[in-house]
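Tertiary structure, described
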Amino acid sequence: MTNPLVSIIVPVYNVERYIDKCINSILEQTYPHIELLLIDDGSPDKSGAICDRYAQKDNRVRVFHKQNAGVSAARNTGINHAKGEFITFVDSDDWLEPQCIGKCLNIINKNKLDFLQFSSKRVNDKGDILFLKTGETTILNASQYIEADQIYIAAGCSIYRTSIINATNLKFDKDLKLGEDQLFIYHYISKCKSCMRIKNTFYNYRLNPESACTINNPKECLKSMKAFQTFELRSIFERNIERGILRYFLYPIIEQRFLPAKKAYRLTKDENFNLLKPNRKFEHLFFKLYRANKFIGILYLYIILPYVNKK
């Protein structure tokens with residue numbers, strides 16, 4: 001197809017302050033062949049009404065109002081109603097650069113890609129760029145892409161083929177509030193023949209303290225950690241899974257003292273973290289201690305993590 005339709009799925013909840021910028025960035029894409037699926041997840045504010053207003057003005061916009069069930073259920077609703085050959089996701093407090101979809105499709109069509117990821121920048125409400133999250137690869141098969149360790153683990157910043165999602169009945173896990181996008185991406189990559197990441201920062205991620213991904217609820221961390229530990233494709237994505245277990249889930253659990261040290265040790269006694277390299281100063285000593293004596297390593301985290309994050 002010369003001008004394939006791209007379905008852009010946006011879960012919407014309590015974002016009346018931000019949703020206009022998100023929607024406008026999508027409707028103003030230089031590539032016009034898009035449909036925008038706005039999934040109002042039972043927003044108690046004016047977000048749903050704002051979505052309806054855009055649908056009345058632009059026939060590329062479709063709005064779905066549903067009872068609140070979380071971002072995964074909202075994304076799944078979007079997948080179920082998507083008509084495009086390709087799918088991408090945008091969070092409702094974030095926005096895209098105007099050339100995002102057009103340039104990505106050019107690369108996908110030229111190289112016959114199943115999966116394309118692009119880069120992002122984190123921005124505050126003042127418009128200040130806090131940091132860039134970039135990466136780049138050549139065209140790789142799934143195994144090579146995993147080995148390159150350049151996977152962007154958020155649902156956004158990616159273009160997916162709808163046919164691959166539908167062929168595998170791939171959905172986001174509605175029971176998880178943390179890490180569900182990572183597991184979705186890992187499942188998807190395992191079905192791809194060609195993947196690529198480009199360094200272009202097409203996605204603007206707003207640093208929003210109220211956003212679900214910024215809230216490290218230790219109870220949810222524990223639930224996600226157990227899901228990662230039993231993930232059926234773990235052996236293929238071992239390094240990524242180890243990283244998620246340690247840095248995204250175990251650290252918040254320990255820092256907030258959600259579990260006593262002995263329970264945290266029992267939870268991780270079968271983990272080795274052998275594929276990880278230190279990326280913060282305290283991890284150099286942690287890995288040495290943990291690989292010599294796992295319980296001593298866990299105790300060290302109980303001592304050091306509150307101090308590290310107060311600095």
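For the structure, check the block above.
Structural notes, computed from the coordinates.

Conventions we followed
Residues numbered from 1 in each chain as written. Predicted model: local features only at pLDDT ≥ 70, side-chain atom pairs only at ≥ 80, totals over all residues. Heavy atoms only, no water. Helix = DSSP H or I, 4+ residues; strand = E, 2+ residues; numbered from the N terminus. Rg over C-alpha atoms; globule rule 2.2 N^0.38 Å. Buried < 20%, exposed > 50% of the residue type's maximum accessible area, 1.4 Å probe, protein only. Areas by Shrake-Rupley, 256 points an atom, 1.4 Å probe, with all protein chains shown as cover. Lys, Arg positive; Asp, Glu negative; His and termini not counted. Charge placed at Lys NZ, Arg CZ, Asp CG, Glu CD. Contact = heavy atoms within 4.5 Å. 1 Å grid on protein atoms, 1.4 Å probe; cavity = no way out; pocket = protein on both sides within 12 Å on 5 of 7 lines; lining within 4 Å. Points joined across faces, edges and corners; volume = space filled by probe spheres on them. Nonpolar A, V, L, I, M, F, W, Y, C, P; charged D, E, K, R; others polar. Patch = residues over 30% accessible without salt bridge, like charges linked within 9 Å, V, L, I, M, F, W, Y side chains within 5 Å. Salt bridge = Lys/Arg side-chain N within 4 Å of Asp/Glu carboxyl O.

Time to look at the overall build of the protein chain. Helix and strand counts for the protein chain stand at 12 helices and 9 strands. Against the 2.2 N^0.38 benchmark of 19 Å for 311 residues, the protein chain shows a C-alpha radius of gyration of 20 Å, consistent with a compact globule. Once the C-alpha set of the protein chain is aligned to its principal axes, its extents read approximately 60 × 45 × 35 Å. Burial statistics for the protein chain: of 311 residues in total, 54% are counted as buried. Accessible area of the protein chain: about 14900 Å², with a carbon and sulfur share of 50%. Treating the 46 positive side-chain charges of the protein chain as one cloud and the 33 negative ones as another, the clouds have centres 6 Å apart.

Let's shift gears to the side chain of Asn240. Secondary-structure assignment places Asn240 in helix H9 (residues 238-255). When sequence neighbours within four positions are dropped, the list of residues in contact with Asn240 reads Ile146, Asp149, Ile151 and Tyr186.

Bringing the layout of surface pockets into the picture now. Here the second largest pocket defines a volume of roughly 470 Å³. Lining the second largest pocket are 18 residues; nearest its centre among them are Asp149, Ile151, Arg243, Arg247 and Tyr248. Broken down by element, the residue count for the lining of the second largest pocket peaks at 5 residues, all from H9. Split into classes, the residues belonging to the lining of the second largest pocket amount to 7 nonpolar, 4 polar and 7 charged.

Below, the discussion takes up a nonpolar patch on the surface. On the surface, Leu130, Phe131 and Leu207 cluster together into a nonpolar patch covering about 240 Å² of accessible area. Among the secondary structure elements, Leu207 is positioned in the loop between strand S9 (195-206) and helix H8 (218-229).

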